[in-house]
Amino acid sequence: MRSTIAYTTARILLFAGVTVLLYLVGARGLLLLGAALLVSGIVSYVLLSRQRDAMSAAITSRIQGFRGRLDAGTRAEDDD
């Protein structure tokens, strides 16, 4: 859960920073938001790859744990 919060926080801060920079450059309105989404997405793809991989591993681990418990419960039901 911690890696998901860290990655999400980093993405939000990156978006806010890019938005401020583009605002200072002169972008306004819908252009500002669209350009900020595009630029922050590209930058986060490069800069936040380590955090994204950690988040992905944590989510995959939780899903596999859930599936394991679900399978164990199904096997226990079948044995009864």
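Reading the values: rules and limits
Residues numbered from 1 in each chain as written. Predicted model: local features only at pLDDT ≥ 70, side-chain atom pairs only at ≥ 80, totals over all residues. Heavy atoms only, no water. Helix = DSSP H or I, 4+ residues; strand = E, 2+ residues; numbered from the N terminus. Rg over C-alpha atoms; globule rule 2.2 N^0.38 Å. Buried < 20%, exposed > 50% of the residue type's maximum accessible area, 1.4 Å probe, protein only. Contact = heavy atoms within 4.5 Å. Lys, Arg positive; Asp, Glu negative; His and termini not counted. Charge placed at Lys NZ, Arg CZ, Asp CG, Glu CD. Axes fitted to C-alpha atoms, helices over the stretch in contact; angles between N-to-C directions. Parallel < 35°, antiparallel > 145°, perpendicular 65-115°, else oblique. Nonpolar A, V, L, I, M, F, W, Y, C, P; charged D, E, K, R; others polar. Patch = residues over 30% accessible without salt bridge, like charges linked within 9 Å, V, L, I, M, F, W, Y side chains within 5 Å. Areas by Shrake-Rupley, 256 points an atom, 1.4 Å probe, with all protein chains shown as cover. Salt bridge = Lys/Arg side-chain N within 4 Å of Asp/Glu carboxyl O.

Participant: What should I look at first to understand the overall build of the protein chain in this one?
Facilitator: A count of helices and strands for the protein chain gives three helices and zero strands. Ordered by position from N to C terminus, the α and β elements of the protein chain give α-α-α. Against the 2.2 N^0.38 benchmark of 12 Å for 80 residues, the protein chain shows a C-alpha radius of gyration of 20 Å, more extended than a compact globule. Along the three orthogonal principal directions, the C-alpha set of the protein chain runs to about 70 × 25 × 15 Å. Split into buried and exposed, the 80 residues of the protein chain put 14% on the buried side. Long-range contacts, defined here as pairs at least 24 residues apart, represent 56% of the contacts in the protein chain between residues at least 6 apart. Taken together, the 9 basic and 6 acidic charged side chains of the protein chain have centroids lying 24 Å from each other.

Participant: Which parts of the structure should I look at to understand the packing of helix H2 (residues 29-47) against helix H3 (residues 49-79)?
Facilitator: Geometry of a packed helix pair, given as the angle between the helix axes and the separation of the axes. Interhelical geometry of H2 versus H3 gives an angle of 75° and a closest axis separation of 5 Å. Comparing their axes, H3 and H2 come out roughly perpendicular. Of the residues in H3, those touching H2 at Ser44, Tyr45, Val46 and Leu47 are Ser49, Gln51 and Arg52. Across the contact of H2 with H3, the residue classes tally to three nonpolar, three polar and one charged.

Participant: Would you mind showing me how to read a nonpolar patch on the surface here?
Facilitator: On the surface, Val20, Leu21, Tyr23 and Leu24 cluster together to form a nonpolar patch covering roughly 450 Å² of accessible area. Note that Tyr23 resides in helix H1 (residues 2-25).

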